Each structure stands twice: as structure tokens, then as C-alpha cells.
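# Structural features, examined
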Amino acid sequence: MSLSEKISTSIRMNVAKRKLESRKIDHRDGNPLEQWGVAKIKNDIKANKELKQLFEPNKLSREDIKEYKLFKFRELMAYVMENSNYYKEIFEKEGIDPSQIKTYEDLAKIPLTPPEDLAAHPYHFLCISRNKIVREFTSSGTTNIRKMIAYSQDEILEIVDAIISALKMLEMDSKDDTLHIMYPTITATWDPGMILGKACTLAGAKSVINDSENIEDQINTMIEAGSTHIIGLSSFVHKLSMEAKDIDGIKDIGIKKIICSSEPLTESMREDIESIWGCQALRQWGMTELGLANAIECSEQHGFHVDNPDFLIEIVDPKTREILPPGEEGELVVTTLRRKCMPLIRYSTRDITSIIDEICECGALLDQRISDIKRMPK
């Protein structure tokens, strides 16, 4: 890399760092993921005249945040009606306009977005010019339907910002910490190393990537890099953990937390991993369509903390499509409130869960959680 390229890269990195709300967060002030989410919402309110008339940013309640999300939902509807060929056609056909959405019950007036539509015509969802796309990911995920989703530079930075906050929530908040990234390349439907590595770099943290299926190679890398946290594909982490169970001193490496993602983690798998490494194994949930990293467990291991400012979540009856109250299990439906490139409204995830609408024992007061996630039966 030439000197001019190095200077240009340095400038871009510094600009990106200044945009990250997560860098201002201190875990001693409460749950970092919640802090990050509330800060994003407060910034939105301060920058919008109509929102400032509705909410006092320094006195937000859980109900205020729910109403804020309804406002953002209406705002997003207006945006896609102008910019998305897919939603413009749907809303015109159904005779729907944003002013009709005044309560959460009114959300049922909006048809669900099935993954089959996204798979068949991805660019019909696009709301910006294609030259502003910086990354395109493909995934079949839990639905086994191959889909493409595009992101702008600002959206990638938002994902990175959320990841940094989640890592801080899991005690990765020291310059001595190193994130050990272990996904088998052959099974990765997106580039976890790129996203996670960028998050660590911008956060001022260290990371190392090793996709080897050899447990001794993995352990040697951990020792050399001083790894303190592991993140990887659930089955891959479990497989290598089982191979490590008879290795002397495995618990002395110093792993603080293990994050299992991209696949379900059963309780028996969790017990195996925790007993071998001597630390907590925590689950992360996300979909490529929604931004890869969408919800994660805290150390209390009682539900997934949702990326609060970015999503309006609903639970619907899989058969009747009726919106279900907190505590009742059904299909998870998600709206990407802040997305500008390829926003999704009432996206059908085909995953089964319930909303936990109560304060978490970790101290989070204003965010929202979902319970264990299962795949919808075919």
C-alpha cells in the first residue's frame, strides 16, 4: 500500500470511528447494548422536530420507545412508497397509507413480506442507486430459500456499531481482549471475519481469524493471540470443544465468553461447551436479510436482547397471522426501521419465538427481548 493509500485509509477509519456511538459507551454505566440503542433513539428524537414534540429524550420509557417505533414505521412506509418498486405496488394495490398505522394493532393491515418475494426479485426492494451499494450478501438461512441483500456503507457501519456494543456487553471492553473468530469457510453464507474484524478494529480491540478444523491449531492461535472471547458457528464451536475436552489446561487459556451464532445452540451443547472451557456460552441470533447480528444473550442467559433502535418486532400466529401479545409463542416478524438500501417491512422470518416484555436481570430497563428461537416446522 502506497503512502497516499495509507493516508486515505487512515482518514476513512477516523471518520468511521467518529460515527460510532458504541465508542462512547462505558459498561460501568449499564448494559452497553441498551445504552447504545437508547443513545441512537435519543439522537433521532433530537434531530427531528416532530419527534421532539412527542418525546422528551432524557425521560424515555418503554412505552415511549414503542411509540417511537410506530413513528419510524410510518416514516419507513412513506420512504418505501416513494423508492421501492416492491412496496409501492403492494401498498397501492391494498390501498394502504402511513396515516392508517396509529396503533400496534393497525400493523395487521400491512401484508407480511415473504422470503420467497425477496429471493425472486431482490432488486425490486432496492431504494437507492446500485452504485451506492458497498456489500451484497447471499443466504439461504433457516428458510432454505437463497436470497440476496444489499447494504450501503452507512448500514455496514451501523452493523459494526451494534456488534461493538454487544461485545462490550459480554465484557470485551479492554485493550487486552482479543476476539477469536472461528467459522468454517465452507459453511459461511456471509463474511463474518470481515464484519467482526472491522468491528474490533474500529473499537480499538484485537481479533484473530482461524477457520481450521484442527483443535490444536485453534488452541495454538488462541495462546499466541491472547484470545479472551470466541465467536463461531454453533456446531463448529461444539465439535472443536468436544475434541478439546481431554486436553490439559484448556480452562487456563483464559477464555471469558463464547458466542455461538448462525445455528441453534441446544442446552446440551451449551453444557458441553461451558464445562470444557469453564466459561459461559451465549447464543446470538441474526439473519442476513436483517443485518447479520440482530439479537444476543447477556450473561443472565434469559432471552435475546434485540438490536433495539433498528427493529420493530412482532409475533404472529403462523396460521391466522393474528398479532399475538407478549409471552405467546408464534412467528417472529421484523421491520428494519433504519434501513435505507433494501428495507423490509413486516418480514416473515419463519422462526418461532415470543416477546419477553419485562426488565432483564442484567439491568437493561428499556430494551426488548425474545425467548428461545426455533425453526418453524415445514
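Notes on the structure in this doc start here. (Residues numbered from 1 in each chain as written. Predicted model: local features only at pLDDT ≥ 70, side-chain atom pairs only at ≥ 80, totals over all residues. Heavy atoms only, no water.)

Broken down by element type, the chain carries 11 helices and 15 strands. Taking 2.2 N^0.38 as the reference for a compact globule, 378 residues should give roughly 21 Å; the C-alpha atoms of the chain span a radius of gyration of 21 Å, in line with that estimate. Seen through its C-alpha atoms, the chain measures out along the principal axes to roughly 65 × 55 × 45 Å. Out of the 378 residues in the chain, the part that is buried amounts to 52%. (Helix = DSSP H or I, 4+ residues; strand = E, 2+ residues; numbered from the N terminus. Rg over C-alpha atoms; globule rule 2.2 N^0.38 Å. Buried < 20%, exposed > 50% of the residue type's maximum accessible area, 1.4 Å probe, protein only.)

Another point: the pairing of strand S12 (residues 347-353). Counting buried positions over the 7 residues of S12 gives 6, a clear majority of the element. Examined bridge by bridge, strand S11 (residues 330-336) and S12 share 4 bridges and lie antiparallel to one another. In the strand pairing of S12, Val333 is matched with Ser348. Relative to strand S15 (residues 374-375), S12 runs antiparallel, the two being bridged by 2 bridges. Each bridged residue has a counterpart across the sheet, and for Ile352 the counterpart in S15 is Lys374. (Pairing = 2+ DSSP bridges.)

Turning our attention to the packing of helix H2 (residues 32-47) against helix H4 (residues 62-83). Running from amino to carboxyl end, H2 crosses H4 at an angle of 60°, the nearest separation of the two axes being 12 Å. One finds that H2 runs oblique with respect to H4. Judged by the twist between their axes, the crossing of H2 over H4 is left-handed. In contact with Ile41, Asp44 and Ile45 of H2, H4 contributes Ile65, Tyr68 and Lys72. Class assignment for the residues of the contact of H2 with H4 results in 4 nonpolar, no polar and 2 charged. (Axes fitted to C-alpha atoms, helices over the stretch in contact; angles between N-to-C directions. Parallel < 35°, antiparallel > 145°, perpendicular 65-115°, else oblique. Left-handed = near helix turned anticlockwise from the far one by under 90°. Contact = heavy atoms within 4.5 Å. Nonpolar A, V, L, I, M, F, W, Y, C, P; charged D, E, K, R; others polar.)

Before going further, it helps to examine the sheet that holds strand S5 (residues 229-233). Strand order in this open sheet of 9 strands is S4-S3-S5-S6-S7-S8-S9-S14-S13, and the pairing throughout is mixed. Across the chains shown, the open sheet's two edge strands, defined by having one partner strand only, are strand S4 (206-209) and strand S13 (355-356).

A few words now on the nonpolar core. Grouped together as the largest cluster of nonpolar side chains are 100 residues, with contacts concentrated most on Phe73, Ile258, Trp277 and Ile345. In terms of residue count, helix H7 (residues 153-169) provides more of this core than any other element does, 10 residues in total. What Phe73 contacts, discounting residues up to four positions off in sequence, is Ile101, Leu107, Ile110, Leu312, Thr335, Leu337, Ile345 and Arg346. Of all hydrophobic cores here, the second largest spans 10 residues; its members include Ile41, Phe55, Tyr68 and Leu366. (Core = buried A, V, L, I, M, F, W, Y, C linked by side-chain atoms within 4.5 Å.)

With respect to topology, 4 strands assemble into an open sheet ordered S10-S11-S12-S15, the strand pairing being antiparallel. In the strand order of this sheet, the two ends are held by strand S10 (311-316) and S15, each with one partner. Across 6 bridges, the pairing between S10 and S11 is antiparallel. Paired with Leu312 across the bridge in S11 is Thr335.

A complete count under the given rule lists 0 disulfides for this structure. Summary of cysteine pairing: Cys127 is not part of a disulfide, and the nearest cysteine sulfur, belonging to Cys341, is at 7.9 Å. A residue is classified by how much of its surface remains accessible, and Cys341, at 1% relative accessible area, is buried. (Disulfide = S-S within 2.5 Å.)

Right, let's get into the pattern of salt bridges. Under the defined criterion, the tally for this structure stands at 23 salt bridges. Between Asp44 and Lys72 there is a salt bridge; the shortest N-O distance is 3.5 Å. One end of the pair, Asp44, is in helix H2; the other, Lys72, is in helix H4, with 28 residues separating them in the sequence. We classify Asp44 as buried; its relative accessible area is 18%. Taking relative accessible area as the criterion, Lys72 reaches 10% and is therefore assigned buried. (Salt bridge = Lys/Arg side-chain N within 4 Å of Asp/Glu carboxyl O.)

This brings us to the side chain of Asp106. Mapped onto the elements, Asp106 comes out in the loop between helix H5 (85-94) and helix H6 (115-120). Take Asp106: its relative accessible area is 14%, and that puts it in the buried class. Not counting residues within four places of it along the chain, the set of residues in contact with Asp106 comprises Gln100 and Ile101.

Axis separation between H7 and helix H8 (residues 192-203) bottoms out at 9 Å; the angle between their running directions is 75°. Judged by the angle between their axes, H7 and H8 are roughly perpendicular. Across the interface between the two elements, Gln153, Ile156, Leu157, Ile159, Val160, Ile163, Ile164 and Leu167 from H7 touch Ile195, Leu196, Lys198, Ala199, Cys200, Leu202 and Ala203 from H8. When the residues that make up the contact of H7 with H8 are grouped by side-chain class, the tally is 13 nonpolar, 1 polar and 1 charged.

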